Amino acid sequence: MAVPRILIVGGGYVGMYTALRLQRRLRRGEALVTVADLDSYMTYQPFLPEAAAGNIEARHVVVPLRRVLNRCQILSGRVTQVRLADRKAEFTPHEGPDLTIDYDYLVVAPGSISRLLPVPGLAEHGIGFKTIEEAIALRNHVLGRLDIAASTPDPEVRRKALTFVFVGGGYAGVEALAELEDMAAGALKYFSGLSREDMRWVLVEATDRILPEVGPEMGKWTALQLRERGIEIRMGTLLKSAEGCRIVLSDGEEFDADTLVWTAGVKPNPLVGAGDLPLDKKGRIRVDPCLRVHGTDFAFAAGDSAAVPDLTRPGEFCPPNAQHAVRQAKTLADNLLATLRGEAQRPYRHKYAGSVASLGLYKGVAQIYGRELRGFPAWLMHRTYHLTRMPTFNKKTRILMDWTLGLFFPREIVSLGAIEEPRKEFTLSARS
Ligand SMILES: Cc1cc2nc3c(=O)[nH]c(=O)nc-3n(C[C@H](O)[C@H](O)[C@H](O)COP(=O)(O)OP(=O)(O)OC[C@H]3O[C@@H](n4cnc5c(N)ncnc54)[C@H](O)[C@@H]3O)c2cc1C
């Protein structure tokens, strides 16, 4: 009898943890697991703000799939369509002809993408904050703006370079802004002629609160802390336009800014709509409490791209976060194995425990099981919690080493922005 084939689409939180558990628990010859992802690594997203700030080396927040999933087949490229009807998926490798992948069991976990609004100039000048590439680029960009501002006598150029706008006050936006501001403020002592007052950091948020993940009280406290650091928090405000790097806000204010970071929400990966997966009104894959795709017994989905019923809040769905994604992966892997072995399924159930967020070195905010923490204890909790959650002993150790070295040496202040154009100098030499 042919060995059953399990295809996992997406090697992020859900995909990697599901594959890891299957790899550990499958008996020899029981099934073949293939993981298809755009990248050959899983990104530990909660550490992106610390990677952007240079507290952690960027390579240390990604986990190489080929190393940790050494008993799975890893395919690097884009899955373009998933079909349930004939149990096939279309795959485009980074190079070479497209492939059609046959499967017996399917896991769909391509996560979410930034939810962009039709704001003029946003797509041209904005950047998201979901990937390690974006975190590295932002770090280089912010440090590069300090270089520019310190090297020009032109006040307009300087003002524009030193104006940093973030749109969206969830944990991605708040943590990214707070960590980068902290890093830039610390770096200023090496940039003669520049002071903290020269920099303008603005957080634009459409609702009347920020950081809903830590509850209303802690959200208010966070806004107060950031304002005390000189960060402008514009609640109840929308970004109207960003054409030509000219920021126009809904309250009528206009100014120039070289930096525009968009973190105003996510939406399910559009891949889930490119086949015959059943979707809900928000474009998420419909699944039952056992994480089976609606109407099937061989396909499963979880994470940011799935509408997973939250059994602790009847009628509601689990919010898109890592806390749920990791736990859903465990249930999903167990249920897939149970299906394979003809055993009973188990529903997914987890009560949201709260959240931790870092706001720069030694600063944080947290709300865990109703307990609120502020400042240093929250920051310590953030680091301890995420370190314990970071996959692999190797990465945990490297991150711990990064933090330990950071206690003795200042953060790097070099912008390696030119890395995005590595052939520029060589091409210029060829022309001269
Ligand atoms: C900056 C930031 C900070 C965060 N902090 C926290 C936090 O503190 N706590 C918390 O609980 N959550 C946090 N989150 C949210 C959390 O990271 C996500 O909810 C979680 O990653 C969702 O897991 P997932 O497996 O659904 O998606 P992902 O982990 O995003 O994985 C999706 C994978 O699918 C791959 N993929 C996408 N499209 C395709 C395709 N067409 N073909 C093949 N592969 C594809 C991607 O490359 C990716 O590897 C944070 C997110 C961000 C961006």
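Everything numeric in this text was worked out from a predicted model, so none of it was measured.

Student: Explain the side chain of Thr152 to me, please; I cannot follow it from the model alone.
Tutor: Relative to the helices and strands, Thr152 resides in the loop between helix H5 (132-150) and helix H6 (155-161). The class of Thr152 is buried, set by a relative accessible area of 16%. A polar contact of 3.0 Å, which involves the side chain of Thr152, links it to the backbone nitrogen of Asp154. Other than its neighbours up to four places away in sequence, Thr152 contacts Val157 and Arg158.

Student: Looking at this structure, how should I read helix H9 (residues 322-341)?
Tutor: Residues spaced three or four apart along an α-helix face the same direction, because each turn holds 3.6 residues. Relative to the 28 Å expected for 20 residues at 1.5 Å per residue, H9 spans 29 Å between its end C-alpha atoms, a close match to the ideal helical length. When you tally the buried positions in H9, you get 15 out of 20 residues, the bulk of the element. Near the N-terminus of H9, the side chain that reaches the backbone nitrogen of Gln323, with its oxygen 3.2 Å away, is that of Asn321. Once H9 ends, the next one or two residues include Gly342, with phi positive near 70°.

Student: Please explain unusual backbone geometry as it appears in this structure.
Tutor: Note on backbone geometry: most residues besides glycine have negative phi, and most peptide bonds are trans. For Leu211, which is not a glycine, the phi torsion comes out positive at approximately 45°. Secondary-structure assignment places Leu211 in the loop between strand S12 (200-205) and helix H8 (216-228). One non-glycine residue, Leu291, adopts positive backbone phi at about 75°.

Student: I would appreciate a short explanation of the nonpolar core in the present structure.
Tutor: When a protein is soluble and globular, its nonpolar side chains tend to lie buried together. Judged by nonpolar contacts, the single largest core of 114 residues is most densely connected at Met16, Leu22, Leu69, Leu106, Leu146, Phe166 and Trp201. Not counting the four nearest positions on each side in its chain, Phe166 is found in contact with Gly173, Ala176, Leu177, Leu180, Trp201, Val202, Leu203, Val204 and Val261. Within the second largest apolar cluster, 14 residues are counted, among which are Val202, Val204, Leu239 and Leu249.

Student: Is there a simple way to explain the sheet that holds strand S1 (residues 5-9) in this structure?
Tutor: Pairing between sheet strands relies on hydrogen bonds along the backbone, with the strands arranged either parallel or antiparallel. Taken together, seven strands build an open sheet; the order of strands is S7-S6-S5-S2-S1-S8-S20 and the sheet is mixed. Two strands close off the open sheet at either side, each with one partner strand: strand S7 (99-102) and strand S20 (299-301). Pairwise comparison of adjacent strand axes, ignoring direction, gives a mean angle of 35° for this sheet. Note that S1 and strand S8 (residues 105-108) share four bridges and pair parallel. Within the sheet, the bridge partner assigned to Val9 lies in S8 and is Val108.

Analysis parameters
- Residue numbers here run from 1 along each chain, matching the order of that chain's written sequence.
- Only residues with pLDDT of at least 70 get local features here, since the model is predicted, and only at 80 or more are side-chain atom pairs given and counted; chain-wide, interface and lining totals rely on the full set of residues.
- Note: side-chain values were computed over all heavy atoms of the structure, leaving out hydrogens and water.
- Strands here mean DSSP runs of E at least two residues long; helices mean DSSP runs of H or I at least four residues long; both are numbered from the N terminus.
- Burial classes follow relative accessibility: with a 1.4 Å probe on protein chains only, a residue under 20% of its type's maximum area counts as buried, one over 50% as exposed, and anything between as partly exposed.
- Definition of a polar contact: a pair of N or O atoms within 3.5 Å, with one able to donate and the other able to accept a hydrogen when the atoms are protein atoms, and with sequence-neighbouring residues admitted only if both atoms are side-chain atoms.
- Residue contacts are counted whenever heavy atoms from the two residues lie within 4.5 Å of one another.
- In this analysis, the expected span of each helix is defined as 1.5 Å times one less than the number of residues it contains.
- The criterion is simple. A nonpolar core is a set of buried Ala, Val, Leu, Ile, Met, Phe, Trp, Tyr and Cys residues joined through side-chain atoms within 4.5 Å.
- Two strands qualify as a pair provided DSSP detects at least 2 bridges between them.
- In this description, a line fitted to the C-alpha atoms serves as the axis of each element, helices being fitted only across the stretch in contact, and the angle between N-to-C directions of two axes falls anywhere from 0 to 180 degrees.

These values are about where atoms sit, not about what they do.
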